[in-house]
Amino acid sequence: MPEILKSYVEDRWFAPEAGLVDIASAIDGHVVARTSTSGIDFAAVVAHARNVGGPALRALTFHQRAAMLKAIAEHLTAHKEELYKIAADTGATRRDNWIDIDGGIGTLFAFASRGRRELPSERFVIDGDTEGLSKGGSFVGLHVLTPLAGVAVHINAFNFPAWGMLEKLAPAILAGVPVITKPATQTAYVAEAVVRLIVEAAILPAGALQFLAGSTGDLLDHLTGQDVVTFTGSAETSDRLRSHKVISEKAVRFVAERDSLNAAVLGPDAVPGTPEFDLFLKEVTREMTVKAGQKCTAIRRVIVPRQQQAAVVDGLKAALAAAVPGDPRDEATRLGALASTSQRAAVCDAVRELATEAEIVLGSADAPDGAGAFLAPVLLVAANPLDGDKIHHVEAFGPVATVMPYDTLDDAVALVAKGEGSLVASVFTYDPAVADRLIFGIAPWHGRLLIVDRDCAKESTGHGSPLPALVHGGPGRAGGGEELGGLRSVFHYMQRTALQGSPQRLATLTGRWTKGAAAPTTAEHPFKRNFEGLAIGDTVETPAREITLADIEHFADFTGDKFYAHMDEAAARANPFFPGRVAHGYLILSFAAGLFVDPAPGPLLANYGLDNLRFLKPVSPGDAIRVRLTVKEKRAARAPEYGEVRWDIEVFNQNDETVARYDLLTMSARRAA
């Protein structure tokens, strides 16, 4: 008997009894599983996420949530072979499933790392600098990001049941927003296996993750303006979701990643015999065969100089002829099956549409006999692609691509733009002028661009590989949304709010000192205090030190920096920025450190950098500088033995004018546990 997939709702597994839908193996057609969400109270599911999962997640800091993501990734890693075995029936080879399973786990690790490195050990994020709003400085503003008090509904595609779910889950959980995830039915058994492992690990708090194995029913009817819907799939379904009455009326945040006729462009310099030509053929072949071409980032339009059309077509035909569809469980198989026979039928229908404007030069629009969803690669050539329409709008979501010749670079840009927005395009050239014209010509239509040449090819991750650090999404036809992109995707689940008030009030609220807030000078030097003993606003005011001409000349001799502004009075006076010879900027920094550093061993362990350094006024021989050093911000570090302290440094001259300002970053020892 095939397995009946269960949904995980309200912290328990729900077994459906009605409305069951069969899921067939892509390999031989046998029923792998059955699924339904009939009987689920979707209003209760949303309420559970909002009232139980949300408060639990928001009570945690970013670092605590990041630790949970890392623990989940480690648990999945320990059990990933179980997932590989289950995923074979999707028709994907082990190489293809590596992208899905290991890629998804790697995304969890990536967001866990970024959360610890780049986010504070807080429940909010300060976004940008303090803005002065008044002449006297008693009224200021800044922006903060806080988690939405709602739920993230994730509706995923069939082609990446693990990665697609996890790349959405990671930023939402890190942001502090509970998730209701719904996989595409055709490969839901893989997603269910992943969720079972996550639930089994008992890492997430109650209500943080719910899973629907089947239809979403009336789920969307219960959303509000605090919720987010992210969708990956067809333009038709995206349009239906986007126009849902609740999403429209309540301004529910909606992110779509959908149909995309991505292009690969061969530069006119990349002729046969060049590394770029060979790399182009290899990349197009790979993108047509990996996951049997069932990738939202796959190359659909192969745009080449007309002079190279014949060589490109011959090269692709030779390479693709070796990609014979076969059982994905066989390690020798390069090309697995499509996800289902219905998906294969849709691909064949799309090929027939494309063939009204292009010639099929390899493969066929007719599906082969047999129960499996296998299809050999199909290559088409459009002789006059600028006159075409369907070749730029019909996506055959399988091992299919169309070669399109161009005569000028402007034509190449126009061809790419006819796709009306794509997730990614690749440019293969070694000519800087060609790269410049193509990249900046096609950038407005893309979320990501890959420039491939002999210098980066060895380490390039390829055309079709979205990365956690870079934006995944695209304008227009591609949906207009963005996922991934580092912390950008985390902030999508947060509300940006402007705070206005006194410097002291905002400093107290945010834990970040700003000029105008209380800055009490302390009897004990702050460098003698451990991390816990430092308070935001603690300040040191140093005595002054005169800078002499001898100091400047000694510094120039010692460092070798004999720039004329420090050494030549006449030349310095001729410079519009200087009144005459002036001190080196780095002399000012060095002398400032000498004024405020406490020399004895203590809890301050290391200076690890400067941020936002600006030299605001020249310092002339005879001027005297003094320093004000203030604890600006404190952050827990990865290691428990120390914390990170950000100090506001302001250097003044004898007239109380600011000559330099910067943030000093240090590591301070923590109190022993």
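Just so it is clear, the structure is predicted and the values come from calculations on it, not from any experiment.

Each value, and the rule that gives it
- Residue positions are counted from 1 within each chain, in the order its sequence is given.
- In keeping with the predicted nature of the model, local features appear solely for residues at pLDDT of at least 70, side-chain atom pairs appear and are counted solely at 80 or more, and the whole-chain, interface and lining totals rest on all residues.
- Side-chain calculation: all heavy atoms of the structure are included, whereas hydrogens and water are not.
- Only DSSP runs of H or I with at least four residues qualify as helices, and only runs of E with at least two residues qualify as strands; both kinds are numbered from the N terminus onward.
- Burial here depends on accessible area, computed with a 1.4 Å probe over protein chains only, as a share of the maximum for the residue type. Under 20% is buried, over 50% is exposed, and the range in between is partly exposed.
- Every residue pair with non-hydrogen atoms within 4.5 Å of one another is taken to be in contact.
- All accessible-area figures derive from a Shrake-Rupley calculation using a 1.4 Å probe, and residue coverage is judged against the displayed protein chains alone.
- Note that His is not counted, nor are the chain ends; the positive residues are Lys and Arg, and the negative ones are Asp and Glu.
- Where a charge sits is defined by one atom per residue type, namely NZ (Lys), CZ (Arg), CG (Asp) or CD (Glu).
- What makes a salt bridge here is a side-chain nitrogen of Lys or Arg within 4 Å of a carboxyl oxygen of Asp or Glu, nothing more.
- Any pair of nitrogen or oxygen atoms within 3.5 Å is treated as a polar contact; in protein, a donor-acceptor pairing is required on top of that, and neighbouring residues in sequence qualify only through side-chain atoms on both sides.
- By nonpolar core we mean a set of buried residues, namely Ala, Val, Leu, Ile, Met, Phe, Trp, Tyr and Cys, connected to one another through side-chain atoms within 4.5 Å.
- Pairs were defined over the aromatic rings of Phe, Tyr and Trp, the Trp ring being its six-membered one, requiring ring centres within 6.5 Å. Orientation was assigned from the angle between planes: stacked under 30 degrees, edge-to-face over 60, tilted for the rest.
- Only when the NZ of Lys or the CZ of Arg is both within 6 Å of the ring centre and within 35 degrees of the ring normal is a charge said to sit over the ring.
- Paired strands are those between which DSSP finds at least two bridges.
- Lines fitted to C-alpha atoms define the axes, with helix axes restricted to the stretch in contact, and inter-axis angles between N-to-C directions lie between 0 and 180 degrees.
- Every crossover in which the path from the first strand over the helix to the second runs clockwise, viewed with the strands pointing away from the viewer, is termed right-handed.

J.: Explain the overall build of the chain here, please?
T.: Per the secondary structure count, the chain includes 19 helices and 28 strands. Once the C-alpha set of the chain is aligned to its principal axes, its extents read approximately 90 × 60 × 45 Å. The 673 residues of the chain split such that 53% are buried. Taking all contacts inside the chain whose residues are at least 6 apart in sequence as the whole, residues at least 24 apart take part in 74%. Accessible surface, the chain as shown: approximately 27500 Å² in total, 53% of it carbon and sulfur. Of the side-chain charges in the chain, 67 are positive and 81 negative, and the distance between the mean point of each set is 5 Å.

J.: Explain the side chain of aspartate 89 to me, please; I cannot follow it from the model alone.
T.: Tracing the chain through its elements places aspartate 89 in the loop between helix H3 (80-87) and helix H4 (94-118). This buried residue, aspartate 89, is left without a salt bridge; arginine 329 holds the nearest opposite charge, at 4.9 Å. A polar atom in the side chain of aspartate 89 sits 2.6 Å from the side chain of serine 25. In this structure aspartate 89 touches Ser25, Ala26, Ile27, His30, Val32 and Tyr189, once residues within four positions along its chain are discounted.

J.: Explain the pattern of salt bridges to me, please; I cannot follow it from the model alone.
T.: Between side chains of opposite charge, a pair can form as their charged atoms come close. Counting across every chain of the model gives 40 salt bridges. For the salt bridge of glutamate 249 with lysine 245, the shortest nitrogen-to-oxygen distance reads 2.9 Å. One end of the pair is glutamate 249 and the other is lysine 245, both in helix H8 (residues 245-249) and four residues apart, which spans about a single turn. As far as the burial class goes, glutamate 249 and lysine 245 line up, both exposed. In this structure, the salt-bridge partner of aspartate 349 is arginine 352, at a minimum N-O distance of 2.8 Å. Of this pair, aspartate 349 and arginine 352 both sit in helix H11 (residues 341-354), three residues apart, which is roughly one turn of the helix. Taking relative accessible area as the criterion, aspartate 349 reaches 43% and is therefore assigned partly exposed.

J.: Explanation requested: the nonpolar core in the structure shown.
T.: Considering soluble globular proteins, one finds that nonpolar side chains tend to be buried as a cluster. Counting 60 residues, the largest nonpolar core has Leu69, Leu76, Leu108, Ile173, Val194, Ile198 and Leu204 as its most contacted members. Mapped onto this core, the elements with two or more residues apiece are strand S5 (31-35), helix H2 (62-78), H3, H4, helix H5 (163-175), helix H6 (188-201), strand S10 (209-211) and helix H14 (487-491). Apart from the residues within four sequence positions on either side, valine 194 is in contact with Leu76, Leu83, Ala162, Met165 and Leu166. If you look at the next biggest cluster of nonpolar residues, it comprises 39 residues, including Ala26, Ala350, Leu354 and Ala425.

J.: Can you help me understand the packing of aromatic side chains in this one?
T.: For any pair of aromatic rings, the description rests on two quantities: the centre-to-centre distance and the angle between the ring planes. Scanning the model with the defined rule gives eight aromatic pairs in all. Taking 4.9 Å as the distance between ring centres and 55° as the angle between the ring planes, the aromatic pair formed by tyrosine 8 and tryptophan 13 counts as tilted. Taking the relative accessible area as the measure of exposure, tyrosine 8 reaches 11% and is therefore buried. One residue, arginine 94, lies across the ring of tyrosine 84, its end atom 4.0 Å from the ring centre. In this structure, lysine 634 is placed above the aromatic ring of phenylalanine 531, and the distance from its NZ or CZ to the ring centre is 4.6 Å.

J.: What am I meant to see in the sheet that holds strand S6 (residues 125-132) here?
T.: Judged by pairing direction, the sheet is antiparallel, and its three strands sit side by side in the order S6-S7-S22 without closing on themselves. Strand pairing shows two members of the sheet lacking a second neighbour, S6 and strand S22 (494-501), which therefore form its edges. Ignoring which end each strand starts from, the neighbouring axes of this sheet average 20° apart. The pairing of S6 with strand S7 (residues 140-147) spans five bridges and is classified as antiparallel. Residue isoleucine 126 lies in a different strand from S7, and its bridge partner there is valine 144.

J.: What is the right way to look at the environment of leucine 212 in this model?
T.: The residue leucine 212 is located in the loop between S10 and strand S11 (228-232) in this model. Relative accessible area serves as the criterion here: at 0%, leucine 212 is assigned to the buried category. Residues leucine 212 and valine 45 lie 167 residues apart in sequence; the distance between their C-alpha atoms is 9.8 Å. If sequence neighbours within four positions are ignored, leucine 212 has contacts with Ser7, Val9, Thr37, Ile40, Phe42, Ile180, Thr181, Lys182, Pro183 and Leu219.

J.: I'm lost on the pairing of strand S9 (residues 179-182) in this one. Help?
T.: Along any regular strand, the residues point their side chains to alternate faces of the sheet. Residues of S9 alternate between two faces, with Val179 and Thr181 on one and Ile180 and Lys182 on the opposite face, all of them buried. Bridging between strand S8 (residues 152-155) and S9 involves four bridges; their strand directions are parallel. Looking across to S9, one finds that isoleucine 155 is bridged to lysine 182. Handedness of the β-α-β unit built from S8, H5 and S9 comes out right-handed. The sheet contact formed by S9 and S10 spans three bridges and is parallel. Each bridged residue has a counterpart across the sheet, and for threonine 181 the counterpart in S10 is phenylalanine 211.

J.: How should I be thinking about the sheet that holds strand S18 (residues 422-428) in this particular structure?
T.: Two pairing modes exist for strands in a sheet, parallel and antiparallel, and in both the strands are linked by backbone hydrogen bonds. Strand order in the open sheet formed by seven strands is S15-S16-S17-S14-S13-S18-S19, with mixed pairing between adjacent strands. On the outer flanks of this sheet lie strand S15 (359-362) and strand S19 (446-452), each paired with one strand and no other. The average angle at which neighbouring strand axes cross in this sheet is 25°, direction not considered. Of the pairings in the sheet, the one linking S15 to strand S16 (residues 378-381) comprises three bridges and is antiparallel in character. Each bridged residue has a counterpart across the sheet, and for leucine 362 the counterpart in S16 is leucine 379. Of the strands in this sheet, strand S13 (262-266), strand S14 (299-305), S16, strand S17 (400-406), S18 and S19 touch helix H9 (residues 275-289), which is tilted by about 160° from S14.

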